[in-house]
Number of protein chains: 2
Amino acid sequence: MPTTTKARIVSEARRLFAEQGYATTGLTAIRAAAGVHAGSLYHAFPSKQALLIAVLEDYLAQMDDRLVGPAWAGVDDPIERIFALLARYRQFLIDTGFMFGCPIGFIALEIHQPDDDVRALIWENFNNWMKRVRDCLDQVEFASPTDLDNVATLVLTTMEGAVMLARTARSIAPFDQSVTALRDYISRLSAEPAPSNSGQS
Amino acid sequence: MPTTTKARIVSEARRLFAEQGYATTGLTAIRAAAGVHAGSLYHAFPSKQALLIAVLEDYLAQMDDRLVGPAWAGVDDPIERIFALLARYRQFLIDTGFMFGCPIGFIALEIHQPDDDVRALIWENFNNWMKRVRDCLDQVEFASPTDLDNVATLVLTTMEGAVMLARTARSIAPFDQSVTALRDYISRLSAEPAPSNSGQS
DNA sequence: GTCTATAGGCTGATAGAC
DNA sequence: GTCTATCAGCCTATAGAC
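Since the model is a prediction, treat every value here as computed from it, not as a measurement. (Residues numbered from 1 in each chain as written. Chains lettered and ligands numbered in written order. Predicted model: local features only at pLDDT ≥ 70, side-chain atom pairs only at ≥ 80, totals over all residues. Heavy atoms only, no water.)

1. Some words on the overall build of chain A
Inference 1: Within chain A one finds nine helices and zero strands.
Inference 2: When its helices and strands are written in sequence order, chain A yields α-α-α-α-α-α-α-α-α.
Inference 3: Its C-alpha atoms give chain A principal-axis dimensions of about 65 × 35 × 30 Å.
Inference 4: For chain A, buried positions account for 56% of its 201 residues. (Helix = DSSP H or I, 4+ residues; strand = E, 2+ residues; numbered from the N terminus. Buried < 20%, exposed > 50% of the residue type's maximum accessible area, 1.4 Å probe, protein only.)

2. A short note on the pattern of salt bridges
Inference 1: The tally for this structure, following the rule as stated, stands at 22 salt bridges over all chains.
Inference 2: Here Arg14 of chain B and Asp58 of chain B are joined by a salt bridge, their closest N and O atoms 2.6 Å apart. Taken together, the positions of Arg14 of chain B in helix H1 (residues 5-20) and Asp58 of chain B in helix H4 (residues 48-72) put the pair 44 residues apart, joining distant regions of the chain. In terms of burial, Arg14 of chain B and Asp58 of chain B fall into one category: buried.
Inference 3: The network of salt bridges with shared partners includes Glu12, Arg15 and Glu19 of chain A. (Salt bridge = Lys/Arg side-chain N within 4 Å of Asp/Glu carboxyl O.)

3. Looking at the protein's contact with DNA strand D
Inference 1: Around DNA strand D sit 14 residues in total, of which Leu27, Tyr42 and Lys48 of chain A together with Thr5 and Gly39 of chain B are the nearest.
Inference 2: Of all DNA strand D atoms lying within 4 Å of any protein atom, the proportion belonging to sugar or phosphate reaches 69%.
Inference 3: Taking Lys48 of chain A, its side chain carries an N or O atom lying 2.9 Å from a phosphate oxygen of DNA strand D.
Inference 4: Residue assignment for the surface near DNA strand D shows that the elements contributing at least two residues are helix H2 (27-34) and helix H3 (38-44) of chain A together with helix H3 (38-44) of chain B.
Inference 5: For the surface near DNA strand D, the leading source of residues is H3 of chain B, giving four residues. (Near = heavy atom within 4 Å. Polar contact = N/O pair within 3.5 Å; in protein donor to acceptor, adjacent residues only side chain to side chain.)

4. Here we look at the UniProt feature "domain: HTH tetR-type" (unreviewed entry) in chain A
Inference 1: Those places that UniProt annotates as "domain: HTH tetR-type" (unreviewed entry) correspond, in this numbering, to residues 3-63 of chain A.
Inference 2: Regarding residues 3-63 of chain A, the helix share stands at 77% and the strand share at 0%, and the terminal C-alpha atoms are separated by 21 Å. (UniProt positions renumbered as here; feature names shortened; annotations may be inferred.)

5. Observations concerning the packing of helix H6 (residues 103-110) of chain B against helix H7 (residues 116-138) of chain B
Residue and element names in this part refer to chain B.
Inference 1: Put simply, H6 and H7 touch, their axes get as near as 10 Å, and they point 145° apart. As for how H6 packs across H7, the hand of that crossing is left-handed. Taking contact as the criterion, the partners of Ile104, Gly105, Ile107 and Ala108 in H6 are, on H7, Ile122, Asn125 and Phe126. (Axes fitted to C-alpha atoms, helices over the stretch in contact; angles between N-to-C directions. Left-handed = near helix turned anticlockwise from the far one by under 90°. Contact = heavy atoms within 4.5 Å.)

6. A look at the protein's contact with DNA strand C
Inference 1: Taken together, 14 residues lie around DNA strand C, and His37 and Gly39 of chain A together with Leu27, Tyr42 and Lys48 of chain B are the ones closest in.
Inference 2: Considering DNA strand C, the proportion of its atoms within 4 Å of the protein that are sugar or phosphate atoms stands at 71%.
Inference 3: One of the backbone N or O atoms of Thr25 of chain B is found 3.5 Å from a phosphate oxygen in DNA strand C.
Inference 4: Residue Leu27 of chain B places a main-chain N or O atom 2.6 Å away from a phosphate oxygen belonging to DNA strand C.
Inference 5: Top element by residues in the surface near DNA strand C is H3 of chain A. It accounts for four residues.
Inference 6: Across the surface near DNA strand C, the residue classes tally to four nonpolar, nine polar and one charged. (Nonpolar A, V, L, I, M, F, W, Y, C, P; charged D, E, K, R; others polar.)

7. Some details on the domain arrangement of chain A
Residue and element names in this part refer to chain A.
Inference 1: You can read the domains of chain A as domain 1 (1-46) and domain 2 (49-191).
Inference 2: A straight line from the C-alpha centre of domain 1 to that of domain 2 covers 26 Å.
Inference 3: Listed per partner, the contact involves 14 residues of domain 1 and 13 residues of domain 2.
Inference 4: Linking domain 1 to domain 2 there are four residue pairs in polar contact (both at pLDDT 80 or more).
Inference 5: Within the residue set of the side of domain 1 that touches domain 2, elements represented by two or more residues are helix H1 (5-20) and H2.
Inference 6: Looking at the side of domain 1 that touches domain 2 element by element, the count peaks at six residues for H1. (Domains from an automatic or database assignment.)

8. Description of the UniProt feature "DNA-binding region" (unreviewed entry) in chain A
Inference 1: Per the UniProt record, "DNA-binding region" (unreviewed entry) is annotated on residues 26-45 of chain A.
Inference 2: From the first C-alpha to the last, residues 26-45 of chain A spans 14 Å; its make-up is 75% helix and 0% strand.

9. What to know about the interface of chain A and chain B
Much of the literature gives interface size as the accessible area that the parts lose upon coming together.
Inference 1: Counting from both sides, the interface comprises 61 residues of chain A and, opposite them, 61 residues of chain B.
Inference 2: When residues of chain A are sorted by the area they lose upon contact with chain B, His112, Thr168 and Arg188 of chain A head the list and together hold 14% of the total.
Inference 3: At the surface where chain A touches chain B, the tally comes to zero salt bridges.
Inference 4: Put simply, chain A and chain B have 14 residue pairs in polar contact (both at pLDDT 80 or more) between them.
Inference 5: The set of elements that each furnish at least two residues to the side of chain A that touches chain B consists of H1, helix H6 (103-110), helix H7 (116-138), helix H8 (148-169) and helix H9 (173-191) of chain A.
Inference 6: Tallied by class, the residues present in the side of chain A that touches chain B amount to 28 nonpolar, 22 polar and eleven charged. (Buried area = accessible area lost by both parts, 1.4 Å probe.)

10. Focus on the nonpolar core
Inference 1: Residues Trp129 of chain A together with Trp129 of chain B are the most contacted members of the largest nonpolar core, which totals 148 residues.
Inference 2: Once residues within four sequence positions are removed from consideration, Trp129 of chain B is found in contact with Met63, Leu67, Leu85, Leu86, Tyr89, Val155, Leu156 and Met159 of chain B. (Core = buried A, V, L, I, M, F, W, Y, C linked by side-chain atoms within 4.5 Å.)

11. Section: the packing of aromatic side chains
Within a pair of aromatic rings, the relevant descriptors are the distance that separates the centres and the angle that separates the planes.
Residues and elements named next belong to chain A.
Inference 1: Enumeration over the complete set of coordinates arrives at 13 aromatic pairs over all chains.
Inference 2: Both rings, one in Phe17 and one in Tyr22, keep their centres 5.1 Å apart while their planes meet at 70°; by these two values the pair is edge-to-face.
Inference 3: You can call Phe17 buried: its relative accessible area is 3%.
Inference 4: Grouped by ring-pair contacts, the aromatic residues Tyr89, Phe92, Phe100 and Trp129 constitute a single cluster.
Inference 5: Here the guanidinium or amino end of Arg183 rests over the ring plane of Phe83, the centre of that ring lying 4.1 Å away. (Phe/Tyr/Trp six-rings, centres within 6.5 Å; stacked < 30°, edge-to-face > 60°. Lys NZ or Arg CZ within 6 Å of the ring centre and 35° of its normal.)

12. Here's the deal with the environment of Ile122 of chain B
All names here are of chain B.
Inference 1: On the secondary structure map, Ile122 appears in helix H7.
Inference 2: Accessibility expressed as a relative area gives 3% for Ile122, which makes it buried.
Inference 3: Taking C-alpha positions, Ile122 is 19 Å from Thr25, a pair spaced 97 residues apart along the chain.

Set out below in structure tokens:
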């Protein structure tokens, strides 16, 4: 449990936003969870949006420690690291009885008219995630020339879509199906020369 | 403009939920847009959730007329039909200055503790969408044996993720990147034999 | 920096006349 | 089936004492 008032508020807000959504979570609930009174919260964060920004900055700062590091513990192969990251989200879904959703994805869709600071921070989180994937892809010798940024983007969109579908289905099947197709794609990239029209849209 | 009160309410609710989100859109705004008074709305739909269910049933019933039909007009090739469907979402993003999001995806992530009727209807919408893609895939002679349900799922997750990222980036680039990678995958399926470990996860 | 008290507005839902 | 009036509760934000 974080000790400073600000850190405790951010920690509880992060948890409640992830569990219940941003709009649905009242400052009252956050105050109760963090054990602070209205004036203290207002003193630390002048608005609910300022608190959201602090939460998004926290996700960004802690991505390696809380998400990527644990996922990659004991995994050295760069391709397997990509799927270890996805496996982490799979486990979150299982562990929460399919209540889990990517907290960043939640906010990305929930905020319909985002302040530019908020939008930029969500994008930084996405971008950072893709960079980790891109770094893995850079370590692989692919048999056919392929735009690796495109592949890294596909990995993220697959994760976000797979979590969305599995949550809705209350079943891991759609998650596994899309990840299996993604792995099929990546294994074909490693193993074979590109067809003549590859990479065009 | 629909004539019956119920249809007018559903039509405006559908629009407002898509533009602003479910939680954010008040019944007051829906009443104002549809030009009905509180008692009438309550008479037609006993709760906000009942109205949401009517909206989701409307999406399901009108998927072919409003989405799939227009997307496939003048497109006969089954693979091109899949990408014509995706191109439709691309155009929605462009036309709305990246405010657009898949209305079903919005609701799927926004409702954190969904009533089972709501959840089942969201899933039916996803499933129906994947069926259209699956029907296209069935018309193609693929060179290598591949689980086509996995591919259909990947198409949907790619669309949902691509819309999420493009909205956040306020740029079509991430959408195009993931769709380009998806097309690269599908073209490899058509053109080449599978590697020995294809389709495994 | 912490606490109490509350403002001002919005929400979904509803009762009851017509 | 339509309208008016309103309730009780929640929300964010804030003023002001300590």
